[in-house]
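In case you want the letters, here they are:
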Amino acid sequence: MKEITRVAIKETVALMILALVELVLFFPFMNEDVLGILYGTAFSITGWWLMVKDVKVLEKRGALFRFGFLLRYFLYAIGLGTAMIYGKVFFFGAVLGLLNLKFSLFIFGRWLSENTAH
């Protein structure tokens with residue numbers, strides 16, 4: 001159980017590092033895009049921790065389907081739906097922020113899997 005939490009903290013740090021790099025790169029060009037990246041990354045981190053919570057419950061109880069799966073996708077839908085209200089640039093920033101979870105797994109995957117049982 002502690003291993004799951006340690007990997008989750010590492011992934012959260014990787015997400016924040018990736019978001020900070022994107023903020024530095026995009027800030028001189030588009031301020032609205034930067035806010036969208038922060039907005040999407042916040043939803044991504046929230047979804048990640050909900051997934052970690054589901055994995056802990058799955059490990060403890062052995063249930064095959066959890067309500068958390070639907071909750072995460074409903075949360076993403078709310079995030080993207082509200083991002084559309086603010087305009088295209090903000091929306092694309094939010095999409096990039098949500099995709100930061102996937103990007104960070106590709107970029108920091110080796111660091112995240114360090115010292116874990118295979």
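Heads up: the structure comes first, above all this text.
In this report, we go over the structure that sits alongside the text. Remember, it's a predicted structure, so these values are computed and weren't measured experimentally. Within each chain, residues carry numbers counting from 1 in the order of the written sequence. Residue-level local features of this predicted model are given only where pLDDT is at least 70; pairs of side-chain atoms are given and counted only at 80 or more, and the full residue set underlies all totals for whole chains, interfaces and linings. Side-chain measures here rest on the full set of heavy atoms in the structure, leaving out hydrogens and waters.

## Observations concerning helix α3 (residues 67–85)
Next up, step 1: Secondary structure elements follow DSSP: runs of H or I no shorter than four residues count as helices, runs of E no shorter than two count as strands, and numbering proceeds from the N terminus. By this rule, a helix spans an expected 1.5 Å times one less than how many residues it contains. Relative to the 27 Å expected for 19 residues at 1.5 Å per residue, α3 spans 28 Å between its end C-alpha atoms, a close match to the ideal helical length.
Next up, step 2: Under the scheme applied here, a residue whose accessible area is under 20% of the maximum for its type counts as buried, over 50% as exposed, and between as partly exposed, the area being computed with a 1.4 Å probe on protein chains only. All of the buried residues along α3 are G68, R72, L75, Y76, G79 and A83. Seen along its axis, α3 keeps its buried residues to an arc of 95 degrees; they face one direction. For α3, the exposed residues set more than 90 degrees away from the buried face come down to F67, F74, M84 and I85. Throughout, the arc means that of the directions going from the helix axis to the C-beta atoms.

## A look at the side chain of T41
Next up, step 1: With respect to the helices and strands, T41 occurs in helix α2 (residues 31–61).
Next up, step 2: Any pair of residues with heavy atoms lying within 4.5 Å of one another is described as a contacting pair. If we ignore the near neighbours within four places in the chain, the residues touching T41 are L15, A19, G97, L98 and N100.

## Some remarks on the side chain of N100
Next up, step 1: Along the chain, N100 falls in helix α4 (residues 88–107).
Next up, step 2: In this structure N100 comes out as buried when scored by relative accessible area, which is 0%.
Next up, step 3: Not counting residues within four places of it along the chain, the set of residues in contact with N100 comprises L15, L18, A19, E22, I37 and T41.

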